[in-house]
Amino acid sequence: DHRDLHLSIRRQRQMCIRDSIKVSTYIKCRNAEIKMSIREKVDEYKKILDIFPNDQEKYQYLIEKAKENDSFPSELRLDNFKVNGCQSQVWLVPEEKDEKLFFNSDSDALIAKGLVTLIASIYSDEKAEDIVSNEIDLMEEFELGVILSPARRNGAYSMLKTIKEYAKKLVT
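Note on numbering: residues in each chain are counted from 1, in written sequence order. Only residues with pLDDT of at least 70 are given local features in this predicted model, and only at 80 or more are side-chain atom pairs given and counted; all residues enter the totals for whole chains, interfaces and linings. Where side-chain values are given, they derive from all heavy atoms of the structure, hydrogens and water being excluded.

**What about the overall build of the protein chain?**
Under the DSSP-based scheme used, a helix requires at least four consecutive residues in state H or I and a strand at least two consecutive residues in state E, with every element numbered from the N terminus. Regarding its fold elements, the protein chain presents eight helices and four strands. Reading the helices (α) and strands (β) of the protein chain from amino to carboxyl end gives α-β-β-α-α-β-β-α-α-α-α-α. Buried residues in the protein chain amount to 41% of all 172 residues. The contacts of the protein chain with a sequence gap of at least 6 include a subset with a gap of at least 24, amounting to 62%. Looking at the protein chain as shown, the accessible area adds up to about 10100 Å², and 48% of this sits on carbon and sulfur atoms. Relative accessibility decides the category of a residue: with a 1.4 Å probe and only protein chains considered, values under 20% of the type maximum give buried, values over 50% give exposed, and everything between is partly exposed. Two residues qualify as a contact provided that any one of their heavy atoms is within 4.5 Å of a heavy atom in the partner residue. The accessible surface values rely on the Shrake-Rupley method and a 1.4 Å probe; as for residues, cover is taken only from the protein chains in view.

Next up, the structure:
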């Protein structure tokens, strides 16, 4: 029956989201771990987002990404970590460790939190030079410009700009 098939496909997509498809910083290769580049992480997220045939399901994926990110300490919700240019409140906290940058992020709005979680995971565990020199347009790569309102698009660009500014401070 056509309706049962539609429900089955929908359940599979929901399980895909619920099982928290995660893009790891590392891939396993013959029992060794090889670090993924920024490009490889972007490509992995692109594959995941391409699974979802409509904007609503992509939004749902961002909401699930937001729900996965529940470890942000409330004491880091400081003004100096706020991302300027976002409609909602967004915090991005950089941490330098072993000559690489890591980003802890949060927001008071689910879509923004999903976006900042995704963006932070792409640029975390990367050298500052690699972040600064990276020219990937995430909105175009993920086709998010189509589903995001202009205000959310501006917010996403502000998140990326903030990450690059943190990295530039370490390069110069």
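Past the structure itself, the notes keep going.
**Let's talk about unusual backbone geometry**
Even without being glycine, E99 reaches a positive phi, approximately 65°. Relative to the elements of secondary structure, E99 occurs in the loop between β3 (90-97) and β4 (100-107). With phi around 55°, E143 is a residue other than glycine that occupies positive phi space. Tracing the chain through its elements places E143 in the loop between α6 (138-141) and α7 (144-147). Judged by relative accessible area, which is 44%, E143 ranks as partly exposed.

**Comments concerning a negative patch on the surface**
What goes into a patch is any residue over 30% in relative accessible area without a salt bridge, connected to like charges within 9 Å or, for nonpolar side chains (Val, Leu, Ile, Met, Phe, Trp, Tyr), within 5 Å. Note on definitions: salt bridges are taken to be side-chain nitrogens of Lys or Arg within 4 Å of carboxyl oxygens of Asp or Glu. Neither His nor the chain termini are counted; the positive set is Lys and Arg, and the negative set is Asp and Glu. By convention, the charge on Lys lies at NZ, on Arg at CZ, on Asp at CG and on Glu at CD. A cluster of like negative charges, contributed by E96, D98, E99, E129 and D130, occupies part of the molecular surface. Of note, D130 is situated in helix α5 (residues 128-133). Overall, D130 belongs to the partly exposed group, its relative accessible area being 37%.

**A few points about the pairing of β3**
Moving residue by residue along a regular strand, the side chains alternate between the two faces of the sheet. Only strands that DSSP links by at least two bridges are regarded as paired with each other. As judged from the eight bridges shared by β3 and β4, these two strands associate in the antiparallel manner. Of the residues in β4, the one forming a bridge with V90 is S107. Here β3 folds back onto β4, and the loop between the two strands holds two residues, one of which, D98, carries a positive phi near 55°.

**Topic: the nonpolar core**
L92, F103, I122, Y123, F142 and M159 are the most contacted members of the largest nonpolar core, which has 44 residues in total. The biggest single contributor to this core is helix α4 (residues 110-123), with nine residues. Filtering out sequence-adjacent residues up to four positions away, I122 remains in contact with I38, K41, V42, Y45, L138 and F142. To qualify as a nonpolar core, a set must consist of buried Ala, Val, Leu, Ile, Met, Phe, Trp, Tyr and Cys residues joined through side-chain atoms within 4.5 Å.

**Observations concerning the packing of aromatic side chains**
The description of an aromatic ring pair rests on the distance of the ring centres and on the angle between the ring planes. In this scheme Phe, Tyr and Trp rings, the latter by its six-membered ring, pair at centre separations within 6.5 Å, and the angle between planes marks the pair as stacked below 30 degrees, edge-to-face above 60, and tilted otherwise. Throughout the structure, instances matching the rule amount to three aromatic pairs. Both rings, one in Y45 and one in F142, keep their centres 6.4 Å apart while their planes meet at 80°; by these two values the pair is edge-to-face. Highlighted residues: Y45 in helix α2 (residues 38-51) and F142 in the loop between α6 and α7, separated in sequence by 97 residues. You can call F142 buried: its relative accessible area is 3%. Ring centres of F103 and Y166 lie 6.4 Å apart, and the angle between their planes is 35°; on these two criteria the pair is classed as tilted. One end of the pair, F103, is in strand β4; the other, Y166, is in helix α8 (residues 150-171), and 63 residues separate them in sequence. By definition, being over a ring means that NZ of Lys or CZ of Arg is both within 6 Å of the ring centre and within 35 degrees of the ring normal. Sitting over the face of the ring of F102, K97 holds its NZ or CZ atom 5.3 Å from the ring centroid.

**Things to note about the packing of α2 against α4**
Each pair of packed helices gets described by two things: the angle between the helix axes and the distance between those axes. Lines are fitted to the C-alpha atoms to define the axes, a helix being fitted only along its stretch in contact, and any angle between axes, read from their N-to-C directions, falls within 0 to 180 degrees. Two elements in contact, α2 and α4, have axes separated by 8 Å at closest approach and are oriented at 145°. Counted together, I38, K41, V42 and Y45 of α2 and L118, S121, I122 and Y123 of α4 form the full contact between these two elements. Side-chain classes follow a simple rule in which Ala, Val, Leu, Ile, Met, Phe, Trp, Tyr, Cys and Pro form the nonpolar group, Asp, Glu, Lys and Arg form the charged group, and the remainder, Gly included, forms the polar group. When the residues that make up the contact of α2 with α4 are grouped by side-chain class, the tally is six nonpolar, one polar and one charged.

**Some details on the side chain of E126**
Relative to the elements of secondary structure, E126 occurs in the loop between α4 and α5. E126 gets classed as buried once you look at its relative accessible area, which sits at 4%. There is a polar contact of 2.7 Å between the side chain of E126 and the side chain of K35. Setting aside anything within four residues of it in sequence, one finds E126 in contact with K35, M36, S37, I38, K41, K100, L101 and I131. Throughout this description, a polar contact denotes any pair of N or O atoms lying within 3.5 Å of each other; where both atoms belong to protein, one of them has to be capable of donating a hydrogen while the other can accept it, and for residues adjacent in sequence the pair is counted only when both atoms sit in side chains.

Any functional reading would require information that these geometric values do not contain.
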